[in-house]
Amino acid sequence: MFKILEKQVFSPIIKLFVIDAPKVAKSCQAGQFIILRIHEEGERIPLTIADFDREKGTITIVFQEVGKTTKQLGAMEAGDYIKDFVGPLGEPTHIEDVDTVVCVGGGVGVAPVHPIARAFKEAGKHVIGIMGARNQELMFWEDKMRAACSELLVTTDDGSYVRKGFVTDVLKEVIESKGKDNIPLVVAIGPQPMMRAVCNMTKDYGIKTIVSLNALMVDGTGMCGCCRVSVGDETKFVCVDGPDFDGHQVNWAELSLRSAYFKAEEQKALERHECKCGCGGGK
Ligand SMILES: Cc1cc2nc3c(=O)[nH]c(=O)nc-3n(C[C@H](O)[C@H](O)[C@H](O)COP(=O)(O)OP(=O)(O)OC[C@H]3O[C@@H](n4cnc5c(N)ncnc54)[C@H](O)[C@@H]3O)c2cc1C
Ligand code: FES
């Protein structure tokens, strides 16, 4: 059992937990993730390690409530216990030998991009951070991102905080103002359409772009095949080969089709979960 030591509520749908998980904290690196199961009969969900403290033996996760399990998780409190907390899983992000890197985080993607930006900065690279959210209410960790980056640019889709525009608008401005030859690498993490839009843009400039894919997962060990994705001419498994991949090689159309595969079942699970009539559907 893994104890929730701290809970922070960033918005009605975005929450942070600090979890007591010394073995995971001891060996995890930027870019890796965990798979948790709330209780014996719960589904396994992957969440990125957003921060860790090796001395305290803790792992921080930040998640957005989208369906049954993330809503159940969001209802838990400090002092509660999570049944399984497995990790670290996946390959760590490769800290490439570049002078400058742009780390782009969209929405809840700010959480996974944070340790990657910090790792690049600790390796002596110039890190330009770009973080964006739909609106000010959904914005979090500006302070942590400012500390993890050499410079930070913030934007909101609706203009309710700092400036109006998508992260892609800001990225284009950065590339144009610094010159594409001075931006050798972009790391982009966020919703699939955002990562795809970043890749479409950087491909035109010829800038290498790493993305962190959020494929559907079951076992997280490379055995079930659920998270397979086409990258270039190869079939890869996000859980063991990723989650980082060259965004210009990813078959985005196939990935988005596969991500929507269980939409009807997910909707039914959520409706049962939210049933308050006392029939037991909420279990
Ligand atoms: C390696 C990895 C790291 C992740 N890290 C984070 C993180 O740090 N924070 C965070 O909030 N989420 C993260 N996710 C996504 C998270 O796992 C899903 O949101 C979660 O599994 C949804 O479970 P659910 O039962 O609440 O919703 P479901 O009922 O399963 O799904 C509800 C909706 O979410 C979409 N969805 C389901 N699973 C995923 C998925 N794996 N990725 C994206 N969308 C999904 C569905 O298409 C559907 O529209 C990560 C996913 C992966 C693969
Ligand atoms: S989750 Fe089963 S192979 Fe990746």
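Everything quoted here is computed from the prediction, not taken from an experiment. (Residues numbered from 1 in each chain as written. Chains lettered and ligands numbered in written order. Predicted model: local features only at pLDDT ≥ 70, side-chain atom pairs only at ≥ 80, totals over all residues. Heavy atoms only, no water.)

**So, the pairing of strand 9 (residues 100–106)**
- Counting buried residues in strand 9 gives 7 out of 7 residues, a clear majority hidden from the surface.
- Pairing of strand 9 with strand 10 (residues 126–133), which is carried by 7 bridges, proceeds in the parallel orientation. The residue bridging Val102 from the neighbouring strand is Ile128, located in strand 10.
- Each parallel crossover has a hand, and for strand 9 linked through helix 3 (residues 110–122) to strand 10 it is right-handed.
- One ladder, built from 5 bridges, connects strand 9 with strand 12 (residues 185–189); its direction is parallel. Paired with Val104 across the two strands is Ala188, which belongs to strand 12. (Buried < 20%, exposed > 50% of the residue type's maximum accessible area, 1.4 Å probe, protein only. Helix = DSSP H or I, 4+ residues; strand = E, 2+ residues; numbered from the N terminus. Pairing = 2+ DSSP bridges. Right-handed = clockwise from strand over helix to strand, strands pointing away.)

**Notes on the sheet that holds strand 11 (residues 151–156)**
- Taken in spatial order, the 6 strands line up as 11-10-9-12-13-16 in an open sheet, and their pairing is mixed. Unpaired on one side and paired on the other, strand 11 and strand 16 (244–246) mark the two borders of the sheet. Within the sheet, the average angular offset between the axes of one strand and its neighbour, ignoring direction, is 20°.
- Two strands pair when backbone bridges link them, and strand 13 (residues 208–212) and strand 16 are joined in this way by 3 bridges, in the antiparallel orientation. Each residue of the ladder has a partner; that of Ile210, found in strand 16, is Asp246. (Axes fitted to C-alpha atoms, helices over the stretch in contact; angles between N-to-C directions.)

**Observations concerning the UniProt feature "domain: FAD-binding FR-type" (unreviewed entry) in the protein chain**
- UniProt marks residues 1–95 with the feature "domain: FAD-binding FR-type" (unreviewed entry), using the numbering shown here.
- Spanning residues 1–95, this segment combines 14% helix with 46% strand, and its end C-alpha atoms are found 33 Å apart. (UniProt positions renumbered as here; feature names shortened; annotations may be inferred.)

**Some remarks on the site of ligand 1**
- Surrounding ligand 1, one finds 22 residues, the nearest of these being Glu43, Pro46, Val62, Gln64 and Thr70.
- Gly67 places a polar main-chain atom, nitrogen or oxygen, 3.1 Å from an oxygen atom of ligand 1.
- Between ligand 1 and Thr69, the relevant distance is 3.1 Å, taken from an oxygen atom to a main-chain nitrogen or oxygen of the residue.
- Broken down by secondary-structure element, the contributors of at least two residues to the shell around ligand 1 are strand 4 (45–48), strand 6 (58–64), helix 2 (68–74) and helix 9 (263–274).
- Of the residues forming the shell around ligand 1, the biggest block, 4 residues, is contributed by strand 4. (Near = heavy atom within 4 Å. Polar contact = N/O pair within 3.5 Å; in protein donor to acceptor, adjacent residues only side chain to side chain.)

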